[in-house]
Amino acid sequence: MVTLAPLPQTLSALDVMRDAPVIPVIVIHQLEHAVPLARALVAGGIRMLEVTLRTPVALEAMRLIANEVPEAVLGAGTVRSVSDLEASAKVGARFFVSPGYTKAIGVASKSMQLPLLPGVATGSEIMQAQEDGLTELKFFPAMQAGGLAMLKAWSGPFTDIRFCPTGGLSLANAPEFLALSNVVCVGGSWLTPQDAVDSGDWTRITQLAKDAANINRPAKA
Ligand code: 3PG
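Here's a quick rundown of the structure. (Residues numbered from 1 in each chain as written. Predicted model: local features only at pLDDT ≥ 70, side-chain atom pairs only at ≥ 80, totals over all residues. Heavy atoms only, no water.)

Overview of the side chain of serine 109
1) Next: Looking at where serine 109 falls in the secondary structure, it is placed in helix α5 (residues 103-112).
2) Next: Those residues in contact with serine 109 that sit more than four places away from it in its chain are Leu85, Phe96, Leu114 and Leu116. (Helix = DSSP H or I, 4+ residues; strand = E, 2+ residues; numbered from the N terminus. Contact = heavy atoms within 4.5 Å.)

Examining the environment of valine 184
1) Next: Along the chain, valine 184 turns up in the loop between α8 (174-178) and β8 (186-188).
2) Next: The class for valine 184 is buried, based on a relative accessible area of 8%.
3) Next: For the pair valine 184 and aspartate 201, spaced 17 residues apart in the sequence, the C-alpha separation amounts to 29 Å. (Buried < 20%, exposed > 50% of the residue type's maximum accessible area, 1.4 Å probe, protein only.)

As for the nonpolar core
1) Next: Membership of the largest hydrophobic core comes to 58 residues, with the highest contact counts inside it found for Ile65, Phe163, Val186 and Trp190.
2) Next: Sort the elements by how many residues they give to this core and helix α2 (residues 34-43) lands first, with 7 residues.
3) Next: Grouped together as the second largest cluster of nonpolar side chains are 14 residues, Ala13, Leu14, Val16 and Ile23 included. (Core = buried A, V, L, I, M, F, W, Y, C linked by side-chain atoms within 4.5 Å.)

A few points about helix α3 (residues 58-68)
1) Next: For α3, the complete set of buried residues consists of Ala58, Ala61, Met62 and Ile65. Looking straight down α3, one finds that the buried residues subtend no more than 100° of arc, so they occupy a single side. (Arc of directions from axis to C-beta.)

Here we look at the site of the ligand
1) Next: Around the ligand, the neighbouring residues are Val25, Arg54, Phe140, Thr166, Gly167, Gly168, Gly188 and Ser189.
2) Next: At 2.5 Å, a side-chain N or O of arginine 54 approaches an oxygen atom of the ligand.
3) Next: Between serine 189 and the ligand, the recorded distance is 2.5 Å, taken from a side-chain N or O atom to an oxygen atom.
4) Next: Against a free-state accessible area of 310 Å², the protein chains account for coverage of 76% of the ligand.
5) Next: Grouping the constituent residues of the shell around the ligand by class yields 2 nonpolar, 5 polar and 1 charged. (Near = heavy atom within 4 Å. Polar contact = N/O pair within 3.5 Å; in protein donor to acceptor, adjacent residues only side chain to side chain. Areas by Shrake-Rupley, 256 points an atom, 1.4 Å probe, with all protein chains shown as cover. Nonpolar A, V, L, I, M, F, W, Y, C, P; charged D, E, K, R; others polar.)

Right under this line is the structure:
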């Protein structure tokens, strides 16, 4: 079991991003997978868990993780509306990740005092999020929307914005993203392959989490 440092009571988006090099994007189809899956990731040193609101059991899975895996920090992914934020906070989500940005979710997450990593893919979306006070953003879908070259281009005009690129990332290409000055962490689903989840191969998932936790991440300002 990996020992993880204590976290502040109130998390910022930067706390969520700095905790580990990778935020796993998790899709839970069967409720009974929720707790062992979360435990397997935490055992490998990854505790910021983005559980996506993409399946009928997602909210109940989140509730179980929040109640039964206190070492994990539960996040809700694929949030697209204020009601998604409210429903997931109600079952214990402590941060949010969205595939895009709307002012409504920006404002709501602020009033809930819970960090939101909203997805952006254009300069205008970055400017809108920044106008609403958000400077830590998810770059989504990272590979499809320009990958490394796009992040390098953004580092000029958006020097004060920090990104979590997600979409098409893997253990192989994550290090080159993490080497960029404007990237704090990356997101990806590769830590929880569906076949490993379906077969209950938690040992493999712990190993994938360990490999992700050990990716070299240069210190950033
Ligand atoms: C998603 O929202 O599905 C994430 O971007 C995960 O993408 P990945 O499967 O390419 O890691």
